[in-house]
Amino acid sequence: MLEYVGLIPLFPFIGFVINGLLGKKIKNEKVVGGLGALMVFCSFLVSSGILLQLIGRPAEERIFEKVIFTWIQSGQFKADAGFLVDPLSALMIMVVTGVGFLIHVYSIGYMHGEEGFYRYFAYLNLFTCSMLLLVLGNNMLLMFVGWEGVGLCSYLLIGYYFHKKSAGDAGKKAFVMNRVGDFGFLLGIFTLFWYMGQTHNVWTVNFREIAANAHLLPVGGVVTLIALFFFIGATGKSAQIPLYTWLPDAMEGPTPVSALIHAATMVTAGVYMIGRLNFIYIRSHEAMLVVAIVGAATAIFAATIGTAQNDIKRVLAYSTVSQLGFMFLAMGVGAFTAGVFHLMTHAFFKACLFLGSGSVIHSMHHALHHAHSHDDPQDMRNMGGLRKAMPITYLTFLVSTIAIAGIPGFSGFFSKDEILWQAFSNPFHGGLNIILWGTGAVAACFTAFYMFRLVFMTFFGECRITAKAKDHLHESPLVITFPLMVLGLLAVVGGYIGLPKLIGDMFGGIPNYFEQWLEPIFAGSHEFTLQQLAHAEVHHSHALEWGLMGASVVIAIVGISVAYTLYIASPQIPKKFTDAFPALHRAVYNKWYIDEIYDFLFVNPCKALGNFCWKGFDVLVVDGAVNGVASIVRGFSSVIKNLQTGYVHNYALSIVLGVVTIIAVYVIR
Amino acid sequence: MLTHHSYLILSAILFSLGALGVLIRRNAIIIFMCIEMMLNSVNLAFVSLSKYLGNIDGQIFVFFIMTVAAAEAAVGLALMIAFYNNRESVEVEDLNVMKW
């Protein structure tokens, strides 16, 4: 099966070509959508085969590289078009194709009757292809191709409803902000390639070769620079401070797109990239600290904004930013396994949450449409009491919410608790650990609060739409609820493959399968840490670990109880609160005015510069030079042209005069 | 007594008349005829000088000029007719579509 790894990105690409070229002619939604989903399902089957084959091998033989052809060769520089299958990429292709397939199926129901149905599926297939290329690429350049490809598809799908100006603007914003990050990524590739080549004569962009030569990299210095360049790339793609503002706006796209691209897969590319390059980060203490601080700051910052949003998708968007912050916090404290683990569990429950919100919006839209109401179907203030009308959506949504809030027994608990524990106990950041842990814990509390606020406002209480509209509320069809059920199930059980050692020991020594699985990838970094830091093997007491675990459970329960108090028990309190602190509420509601600040600091100066270059330089200087030359020539010719009267006599006269002159010259001389 | 001087003077007068006609007349056919007259004045000069110098070359040249003039007449008159069909006129002032 490993030999056929090339098929994994190929299938969605075939789907993209067929749907993109012929979709308009096919017209039949079942064929177009079925083809798109089928192609991803084929990839999923191949991925599963590869995963099973890898599991069958001993741990140290689980790396396989398949070179299709030499892509670029120029002097010392060589890049292959090849695929790297190892435990990390195998995990990623399973998440991408598995969740991707479910979302393709969901889209068939959700996008029913939309104009440009075929276009949607073509883009979605192209996205899947690019994402698989990103995770499977065996060198940094091929990864960059996938990296740009997913950015392009993100742009196309955010702007899917391009006739709406806000959607077009959001697409542009996402694309431009990602370009800022990509610039850092490119600089990282160049610097790494150049440094390895110049100082150690290792000219390569291949991941395996770089990893094999990682011992040549110094600690700190240029490695810090390289790591920070790559991290800039990650902040763009994975929506971290300071480049996160595009992600909430990306909610203009169709909801399944938000689930697939802006929650489950594409935005985790930055986390994957840091995981892939872990041997670089482990060698730069400063870069890790930056990653950890940015991650923790993003986690809490986005969480605070999430508490005051009323648009159901925007809450989820800020939640995604916040959870990505957790993943980067994990990366920054050297807990690569925990970060990737959270990436996976987050893909399950956040995809489920987004798809659930899509199901709610779908139903609300129909109900409001029937009642001829123009209320916003995404505004949670219009919802309420939906649990009776939509039991399956409610149940899956609730399960995923519990998972993200971090209640024991659900997947989110295992991954988030592992991150918090590592933030507290890692050997890298010394005294800052307690701050990182505290920030993460408060962010987790906010997470539990705003997620349950969302659930309470949407599914509990009294329905706030008109009675007429209420009669039209209904559960979504099976094609929509089926993916919800699968993802809801995964949101519950997905965490059990990565049981913390503490809990595993309690149940008779169940190992942490997830950690064992990823061990070959991060083993080098682990050894390096042990060599570098004498105190790396500090043993914290089990009591402390139990205590922190208990603390994070208490934190989650506090968040949930506050949400219950404010939105179920005594719903007048939020109103009183906002009246008491109007400035604070306004600031949070308006996302701390970050967009306005960015507009002031960056966007408007850039626009002014662009305007200057346009009107000042292009129009005046460039056009002026070109038009100036033309008008000089024209002015000159307007004088000269008078010689050409167009009268035959004048020409004849000049001929005669000329002849007479010539003869006269000869005669007189 | 007619000497070759007289032929050459006549030739010069005819040539000047022709050139004058080309310059001042508006009708294309007249201009055309003036050109013919200039050609024939040159022919006259050729023939008289040929006789005076006792060299046959000048007379042979005349045949060439007459041939060219005949061809020119054919083409020129065809042009006049085509022009007249388009413009209902053979005035050279009307030949102005190429003018700026």
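Structure's up top.
Predicted model, so just to flag it, every value in this text is computed and none were measured.

Moving on: the overall build of chain B. Along the backbone of chain B there are three helices and zero strands. Shown N-terminal to C-terminal, the secondary structure of chain B runs as helices and strands in the order α-α-α. Its C-alpha atoms give chain B principal-axis dimensions of roughly 50 × 25 × 25 Å. Taken across its 100 residues, chain B has 28% of its residues classed as buried. Pairs at least 24 residues apart make up 50% of the contacts formed inside chain B by residues separated by at least 6 positions. Of the roughly 6900 Å² of accessible surface on chain B, 73% is carried by carbon and sulfur atoms. Within chain B, the 7 negative side-chain charges are centred at a point lying 6 Å from the centre of the 5 positive side-chain charges.

Let's shift gears to the pairing of strand β1 (residues 64-74) of chain A. Along a regular strand, successive side chains alternate from one face of the sheet to the other. Residue and element names in this part refer to chain A. Note that β1 and strand β2 (residues 77-85) share nine bridges and pair antiparallel. Counted as the bridge partner of I72 is A79 from β2. Here β1 hands over to β2 after two residues, with G75 in that stretch at a positive phi of 60°.

This paragraph deals with a nonpolar patch on the surface. Residues and elements named next belong to chain A. On the surface, L10, F13, I14, V17, L21, L22, I26 and V31 cluster together to form a nonpolar patch covering roughly 640 Å² of accessible area. Looking at which element gives the most residues to the nonpolar patch, the answer is helix α1 (residues 7-26), with seven residues. By secondary structure assignment, the location of L10 is in helix α1. Look at L10 and you get partly exposed, because its relative accessible area is 41%.

A few words on the interface of chain A and chain B. Counting residues at the interface gives 11 residues for chain A, matched by 11 residues for chain B. Counting the surface lost from both chain A and chain B, the interface buries some 900 Å², and carbon and sulfur atoms represent 73% of this. In this structure, the connection of chain A to chain B is made through zero residue pairs in polar contact (both at pLDDT 80 or more). Its residues assigned to classes, the side of chain A that touches chain B shows five nonpolar, five polar and one charged.

The next thing to look at is the environment of L133(A). Residue and element names in this part refer to chain A. Here L133 shows up in helix α4 (residues 117-136). C-alpha separation for the pair L133 and D182, spaced 49 residues apart in sequence, amounts to 16 Å. When neighbours within four sequence positions are excluded, L133 is seen to be in contact with P9, F83, L142, V145 and G146.

Residues and elements named next belong to chain A. Enumeration over the complete set of coordinates arrives at two cavities of 30 Å³ or more. Its boundaries defined by the atoms lining it, the largest cavity holds a volume of some 60 Å³. If you trace the largest cavity, you find it lined by A405, G406, F413, K416, D417, L420, A444, S552, I555 and A556. Taken together, the elements giving at least two residues each to the lining of the largest cavity come down to α18 (411-425) and α24 (542-569). It is α18 that contributes the most residues to the lining of the largest cavity, four residues altogether. There is about 40 Å³ of room inside the second largest cavity. Forming the walls of the second largest cavity are Y244, T245, P248, D249, Y318, K591, I594 and D595. Contributing elements (two or more residues each) for the lining of the second largest cavity: α9 (246-249) and α27 (594-640).

Residues and elements named next belong to chain A. A cis amide bond links I241 to the next residue, P242, at an omega of 10°. Note that P242 resides in the loop between α8 (222-237) and α9. Even without a glycine there, the phi angle at N201 is positive, about 55°. Turning to its location among the elements, N201 is positioned in the loop between α6 (165-200) and α7 (207-212).

Thresholds applied
Residues numbered from 1 in each chain as written. Chains lettered and ligands numbered in written order. Predicted model: local features only at pLDDT ≥ 70, side-chain atom pairs only at ≥ 80, totals over all residues. Heavy atoms only, no water. Helix = DSSP H or I, 4+ residues; strand = E, 2+ residues; numbered from the N terminus. Buried < 20%, exposed > 50% of the residue type's maximum accessible area, 1.4 Å probe, protein only. Contact = heavy atoms within 4.5 Å. Areas by Shrake-Rupley, 256 points an atom, 1.4 Å probe, with all protein chains shown as cover. Lys, Arg positive; Asp, Glu negative; His and termini not counted. Charge placed at Lys NZ, Arg CZ, Asp CG, Glu CD. Pairing = 2+ DSSP bridges. Patch = residues over 30% accessible without salt bridge, like charges linked within 9 Å, V, L, I, M, F, W, Y side chains within 5 Å. Salt bridge = Lys/Arg side-chain N within 4 Å of Asp/Glu carboxyl O. Buried area = accessible area lost by both parts, 1.4 Å probe. Polar contact = N/O pair within 3.5 Å; in protein donor to acceptor, adjacent residues only side chain to side chain. Nonpolar A, V, L, I, M, F, W, Y, C, P; charged D, E, K, R; others polar. 1 Å grid on protein atoms, 1.4 Å probe; cavity = no way out; pocket = protein on both sides within 12 Å on 5 of 7 lines; lining within 4 Å. Points joined across faces, edges and corners; volume = space filled by probe spheres on them.

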